[in-house]
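Chain by chain, the residues run as shown.
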Amino acid sequence: MTTAPKKTPPQAVFKTLTKAEKQAAKPQKKPAATAPAVKAPVAPAKAAKKPVERPVETGDDTQPDLDAMLQGLLKSTPRLTEPGTVAEGQRCGLVAIVGKPNVGKSTLLNALVGQKISITSRKAQTTRHRITGMHTQGATQFVFVDTPGFQTLHGNALNKSLNKTVQGAVNDVDLILLVVEAGSFTPADARVLALLGKDIPTILIANKLDNVHRRGDIAPWLQEMQQKHAFAEFVPMSAKNAKDVERLLGVCERFLPEQAWWYGEDELTDRSEKFLASELVREKLFRLTGDELPYTSTVVIDKFEEEPPARKGQKRLLRIAATIVVERDGHKAMVIGDKGERIKRIGMETRVELEKLADAKVFLELWVKVRSGWADDAARVRSFGYE
C-alpha cells in the first residue's frame, strides 16, 4: 500500500444529509449524449508496452467518434504521472478545482458532492472563499476544494486576497481539476494554467460541452491544449449531466492515495451553517440585481442563534441577522428596491433555500449599509472574513 504525504484536513464539518438522502439529492440523469473521458496515452519508451485503448462509447451516431479521434490526436502527449490501481483499502485525497471566474467551478463542486454547498450566479467572482466539499463512494473519499476565480482585471485588496486563496489551494493537493469552457482557451485561462506546477497531476475539464454543437470541433482544440501542458487526463463534459459527473469521479479516483478517510461517510462540507447563510444571501443578492450591482458587495452575519424544537416533531429554529455591505448610496437603493420589494425577495428566497438545506425553521432579518471603499482596504477585507 502506498502512502501519500500527510495533509491536514479542514475541520468543523457541517453535516446536512444522511447517506440515503445524499444519494437522492444527486442530479437526475438526462438522456442527452455525453462524451467519454479521454485518457492521455503513455509516451513511447524502449521497453514499454503499448497502452490498452479504452472501449469506444458514444451516444450520437451523427457526430464523429470523439474518443477514437482523440486517441489518435493525443499519441504524442507524455503522461505526467501513472496512477495506481484502486486497492481494496480506503482511498482519500484532496482535489482542487481551479479556473478563471464564472467558468462553472461551483456548479461542478455541487454536482460532485451531490448537494449545493457552493453558491452560483452569472456574475464573475461569486465564490470568494476556499470551500471544501466531501463525497464518499465505495472505498474512496473525495475531498474537493472549490476556489475563487483567479482575477487579473482589478488589483484591489479583495482580489489580492482571493488570488492568494487560489495560489494556496494548488500547492498542497493530490490532484488538480483545471476547468475551462470546451473549445475555448482565453488569456485568463492561460494565467490560471501558469500557476500550476508539473509535480501534481492535472486533469483538463472541458466543461459546458452541451454548448458545443459539433463534438468533432473539440478534437482540434484538444490537439492545441496538449501542447500547453502535460495533462494527465482530458475530460470533455457538462457539470449538469449526472453521467458525466459519475465518469469524472471514476477518473479522479485512480489519482488518490491509499489512506484512511478524513471525514465521516455522510459529511458534506467543512463550512458552517452560519457561513452557508451569508453565502446564500450573497447569491440571491447577485442573482436579483444582475449587472446593476458591483461584485464588491458582500454580506456579514451579525447574529446567528439556534433554538431547539419547542416540542417533539417540530424543527429547530435559526435566528439570523445579516448586513449587506455596499460601496455607494446608489447601490443601497438598488438592493432595497421600490418600496423594499427587492430586499424582501432576497430575504424570502434565502430563507426558503436555507430551511431546505439546514432542515430547520429560519427567521431572517436583512439590513443594508454603505462602507465606501471597503474592497480597497486590506484591514476591512480581513474583518469581513476574507483570508
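Structure first, text after, so check above.
Everything numeric in this text was worked out from a predicted model, so none of it was measured. (Residues numbered from 1 in each chain as written. Predicted model: local features only at pLDDT ≥ 70, side-chain atom pairs only at ≥ 80, totals over all residues. Heavy atoms only, no water.)

**Side note on the packing of aromatic side chains**
- This model, assessed by the stated rule, comprises two aromatic pairs.
- Relative to F144, the ring of F142 has its centre 5.7 Å away and its plane inclined at 5°; by these criteria the two rings are stacked.
- For the cation-ring pair, R271 lies above F275, with the distance from its terminal atom to the ring centre recorded as 4.2 Å.
- A cation over a ring is seen here: R319 above F363, with NZ or CZ 5.7 Å from the ring centre. (Phe/Tyr/Trp six-rings, centres within 6.5 Å; stacked < 30°, edge-to-face > 60°. Lys NZ or Arg CZ within 6 Å of the ring centre and 35° of its normal.)

**Comments concerning the pattern of salt bridges**
- For the coordinates displayed, the defined rule picks out 17 salt bridges.
- In this structure, K116 and E283 form a salt bridge, with 2.6 Å as the shortest nitrogen-oxygen distance. Highlighted residues: K116 in the loop between α3 (105-113) and β3 (131-137) and E283 in helix α8 (residues 273-289), separated in sequence by 167 residues.
- When its relative accessible area of 0% is taken as the criterion, E283 is described as buried.
- Between R247 and D244 there is a salt bridge, and its shortest N-O distance comes to 3.1 Å. One end of the pair is R247 and the other is D244, both in helix α7 (residues 242-253) and three residues apart, which spans about a single turn. By the burial criterion, R247 is buried, and D244 matches it. (Salt bridge = Lys/Arg side-chain N within 4 Å of Asp/Glu carboxyl O. Helix = DSSP H or I, 4+ residues; strand = E, 2+ residues; numbered from the N terminus. Buried < 20%, exposed > 50% of the residue type's maximum accessible area, 1.4 Å probe, protein only.)

**Quick look at the packing of helix α9 (residues 329-336) against helix α10 (residues 341-358)**
- Where α9 contacts α10, the axes come no closer than 5 Å and their chain directions differ by 65°. Mapping the contact onto sequence places M334, V335 and I336 in α9 and E341, R342, I343 and I346 in α10.
- Along the lines of polarity and charge, the residues of the contact of α9 with α10 split into five nonpolar, no polar and two charged. (Axes fitted to C-alpha atoms, helices over the stretch in contact; angles between N-to-C directions. Contact = heavy atoms within 4.5 Å. Nonpolar A, V, L, I, M, F, W, Y, C, P; charged D, E, K, R; others polar.)

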